[in-house]
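The primary structure of each chain is shown beneath.
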Amino acid sequence: MRVLLAVSVVALSLGCSRGVRPDSAVAGTKPVTGKVYSNEAGEKITLIGLEPGDAHKALVAFEGTKSELDGQVLVASVGEERRETQYWTLWRGRKQRFVTVNDRGGYQDLVFSNVNHTDYTYLKPDTAKTGALKVEKVFERYQDLEGDKKYQALLAFDRKFWTNQAEVQLAEALAATNKACGSKLTSTVAWDSVTDEQINEMSFGSYCVGPLESLQKLCERSDEAKRTIQQKVQTVECRVDPKAALKLEAQKVIWSVTSGETVQPEATTTFFTDNL
């Protein structure tokens, strides 16, 4: 009887009834507190704090976000910056910040950014759902996923996925530019100039749209700019080079970026004004 009681106490102290694998990302931790955030769009994100606190870890569960994250539970590294709590998770081989909680001085909101970081939505604390939350269930759900090969594949680096994400973002910017300019520009990325490491550390969708955005703004300012761009620009190429630069060769714009550096918008606009 005493042995059974002792076993029960140990299980309770661990916060769940299931043992954690020694190689698990949550080994040595246990779930303690949780909070659910939701919005009227049906999005729901659950945050589970893990002890010990100095591990700076949490679990993040996604539901109803209309993204590939739905149904997933990710282990996150938690960081504090002023009145902002940031949750950094691994996804397709890249460290991602999908979730940020802001302290607005008396109330909180959660900002969710999708995988491509182009869409942002806000969620508020949900008292009713938080009251019904079973943190041990989320903890066990994470352990189940951790042992699943499909889940592990979603954590591994995926070059094709990230290049496709960049191409989608670039295509959206190109469409907006062609609409503003009445043009038929094309755009390319010289992926052979980009290493896996650079894809990991740089958001190429954001880096490569710079010249397209500048061309769009010029077209929105004047009909003369529209006519000039229609006549003198056919394609925009984005590539990685040792130094950030902008060149115009024949009717091709060559936009060179490097880690942490691009030609700034004002300089880009000035270049086009002076060289087209």
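Going by the structure above, here's the rest.
Rules used in this analysis
- Residues numbered from 1 in each chain as written.
- Predicted model: local features only at pLDDT ≥ 70, side-chain atom pairs only at ≥ 80, totals over all residues.
- Heavy atoms only, no water.
- Helix = DSSP H or I, 4+ residues; strand = E, 2+ residues; numbered from the N terminus.
- Rg over C-alpha atoms; globule rule 2.2 N^0.38 Å.
- Buried < 20%, exposed > 50% of the residue type's maximum accessible area, 1.4 Å probe, protein only.
- Contact = heavy atoms within 4.5 Å.
- Areas by Shrake-Rupley, 256 points an atom, 1.4 Å probe, with all protein chains shown as cover.
- Pairing = 2+ DSSP bridges.
- Axes fitted to C-alpha atoms, helices over the stretch in contact; angles between N-to-C directions.
- Parallel < 35°, antiparallel > 145°, perpendicular 65-115°, else oblique.
- Left-handed = near helix turned anticlockwise from the far one by under 90°.

Would you mind going over the overall build of the chain in detail, with residue names and values included?
Counting its secondary structure elements, the chain contains 10 helices and 12 strands. What you see for the chain is a C-alpha radius of gyration of 24 Å, clearly larger than the 19 Å of a compact globule of 276 residues, by over 25%. Counting every position in the chain, which comprises 276 residues, the buried fraction comes to 43%. Considering only residue pairs separated by 6 or more positions, the chain has 50% of its internal contacts joining residues 24 or more positions apart. Accessible surface, the chain as shown: approximately 15,200 Å² in total, 51% of it carbon and sulfur.

Can you lay out the pairing of strand 3 (residues 57-63) for me, pointing to particular residues and giving the numbers?
Burial analysis of strand 3 places five of its seven residues in the buried class, the great majority of the element. With six bridges connecting them, strand 2 (residues 44-51) and strand 3 associate as antiparallel partners. Note on strand 3: the bridge partner recorded for Lys44 is Glu63. The hairpin formed by strand 2 and strand 3 contains five residues between the paired strands, and His56 there has a positive phi angle of roughly 50°.

Tell me about the pairing of strand 1 (residues 30-38), and please be specific about residues and values.
Relative to strand 2, strand 1 runs antiparallel, the two sharing seven bridges. Residue pairing across strands places Pro31 opposite Leu50, the latter belonging to strand 2. The antiparallel hairpin formed by strand 1 and strand 2 contains five residues in its connecting segment, where Gly42 sits at a positive phi of about 90°. Pairing of strand 1 with strand 8 (residues 120-125), which is carried by two bridges, proceeds in the antiparallel orientation. Within strand 8, the residue paired with Tyr37 across the bridge is Pro125.

I'd like a description of the packing of helix 5 (residues 159-181) against helix 8 (residues 210-221), backed by residues and values.
The N-to-C vectors of helix 5 and helix 8 enclose an angle of 20°; their axes lie 8 Å apart at closest approach. In terms of their interaxial angle, helix 5 and helix 8 are classed as roughly parallel. Crossing handedness for the pair helix 5 and helix 8: left-handed. Where helix 5 abuts helix 8, its residues Leu170, Ala173, Leu174, Ala176, Thr177, Ala180 and Cys181 lie against Leu212, Glu213, Leu215, Gln216, Cys219 and Glu220.

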